[in-house]
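# Chains, contacts and geometry: an overview
The chain contents come next:
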Amino acid sequence: MKLHLSISAVIILTLLSGCAKESTSVADRGGEPILFGAAAYNGVETKAFDPSDNTRPNDPRILINVGNAVSLFGVWRATIGDDSVFETLFNNRRLRCNSVILSDPSDPLSFNPENLDSSVWDYDPLEYWKNTGDYCFTAVSPYTTGDASINSAYELKISYRVGSNHDLMVARAYRAEPAGGKDRVELAFKHVTSAVRFLFRTATDQGDKYKLTAFRLENLSPRGTLTIDSRLTAPINFQPSDGVNPAGPDYPLRWAPGAIGVLGTLFEWTADASDPEKTVPYPTDPDDPDDYAQMGWYYMVPHTLDADASVVFSVSYDGQTPVETTINISDLELPAGADTWQPNHVYNYFITVSQSGADIEVVATPWDEVDITTDSITFEG
């Protein structure tokens, strides 16, 4: 079995513009407010909030929509002699989309998502540029009231719970004043979780004789914490994709699994009258995930898989009693290091069932190269 690992490229988004009440310190801070602009370059490629929805919409309204909000953090740095002095200016400030400018009022998608002027975002109260020093901004989408905070060491800690079913994204920006200008700040987002799904097919065409009756994941980390230094001291570099490393901001994403360790059962499903068994098809087009029975998407904590990490499922054949199968997903015959779910990766586990058992292949594809409704997959062997 082989792993195709093209680390996910990036979502290039840029974020948020504001207008609100004036601060009392305008004169001391140079008189120009810090504003943010939102643009969704190449579409907002993010998966649906409902894990039973197998499509990956590129609807830009996932970000640019009235009422949407992100958490904003910002740290200012000044150099005094040989020392650096830091000040937190934004500490989980809520930036909210107040309006979207449509060219056709009857069409909610009639705006250019790549245009910073396509939407208006506000925060209150305004902060103002200082005439000296450097700024580092970090934004977290979606907005959270308690899962992201800056500690005394200026580390931004973001807590994530598997099962919350939201696509966690982070954006960074660096600005040196006054040489860096005081125009609106652009933030480039990238996914920071791992996206995982399981797809089922039959080995041969036997009609609709195979039925998936139960599914669960075992021994995976249900919680994690992402740590990012909120005090960048140099501009953020953007790296091109080389087929292995992701394109986009090169700042590290430091994930640590939660203290409770792995969870015995995660995402358990059993067919019943309200959610019946799923037919396992023989795919007409093996490159098209729409031709598979699908379980997922799941947004997962990036971590090295536990030795007992497994997918457990039951399949019945031609109405017979379902047979349960357990496949360990940490000890597949893969290259070294392939048992780790990386941030900003999409992992597809292809499971082939037959009367003699089951086989599995895992394929990892770049996040932004995955098609909206059908992944572009290459099979081997």
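Up top you'll find the structure we're talking about.
Please read these numbers as outputs of a predicted model, since none were measured by experiment.

## Describing the environment of Pro108
Within the secondary structure, Pro108 sits in the loop between β5 (83-100) and β6 (119-122). Distance in space between the C-alpha atoms of Pro108 and Asn65 is 9.4 Å, their sequence separation being 43 residues. Residues in contact with Pro108, not counting those within four places in the same chain, are Arg61 and Leu102.

## Quick notes on the nonpolar core
One finds Phe198, Phe200, Phe215 and Phe313 to be the most contacted residues of the largest nonpolar core, which totals 48 residues. For this core, the element with the highest residue contribution is strand β20 (residues 293-300), accounting for five residues. Setting aside residues no more than four positions away along its own chain, Phe215 makes contact with Phe198, Phe200, Phe267, Glu268, Trp269, Met295, Tyr298, Val311, Val312 and Phe313. With 25 residues, the next largest nonpolar core counts Ile64, Phe90, Ala171 and Phe189 among its residues.

## A word on the sheet that holds strand β9 (residues 155-161)
The four strands are arranged β8-β9-β14-β17 in an open sheet whose pairing can be described as antiparallel. Only two strands of the sheet have a single neighbouring strand rather than two, namely β8 (148-150) and β17 (254-257). The average angle at which neighbouring strand axes cross in this sheet is 20°, direction not considered. Sheet topology places β8 next to β9; three bridges connect them, and they run antiparallel. Each bridged residue has a counterpart across the sheet, and for Ala148 the counterpart in β9 is Ile158.

## Some points on the packing of aromatic side chains
Two descriptors summarise a pair of aromatic rings, namely the distance from one centre to the other and the angle between the planes of the rings. In total, this model carries 20 aromatic pairs according to the counting rule given. Ring geometry for Phe86 against Tyr154: centres 5.5 Å apart, planes inclined by 45°, an arrangement best described as tilted. Pair noted here: Phe86 is in strand β5 and Tyr154 is in the loop between β8 and β9, with a separation of 68 residues, a long-range link. With 6.4 Å between their ring centres and 40° between their planes, Trp341 and Tyr347 make a pair best called tilted. Across the pair, exposure class does not vary: Trp341 and Tyr347 are buried alike. One aromatic cluster in this structure is built from Phe198, Phe200, Phe215, Phe267, Tyr298, Phe313, Trp341, Tyr347 and Tyr349. The side chain of Lys278 reaches across the aromatic face of Trp269, ending 5.2 Å from its centre.

Scoring rules and cut-offs
- Residues numbered from 1 in each chain as written.
- Predicted model: local features only at pLDDT ≥ 70, side-chain atom pairs only at ≥ 80, totals over all residues.
- Heavy atoms only, no water.
- Helix = DSSP H or I, 4+ residues; strand = E, 2+ residues; numbered from the N terminus.
- Contact = heavy atoms within 4.5 Å.
- Core = buried A, V, L, I, M, F, W, Y, C linked by side-chain atoms within 4.5 Å.
- Buried < 20%, exposed > 50% of the residue type's maximum accessible area, 1.4 Å probe, protein only.
- Pairing = 2+ DSSP bridges.
- Axes fitted to C-alpha atoms, helices over the stretch in contact; angles between N-to-C directions.
- Phe/Tyr/Trp six-rings, centres within 6.5 Å; stacked < 30°, edge-to-face > 60°.
- Lys NZ or Arg CZ within 6 Å of the ring centre and 35° of its normal.

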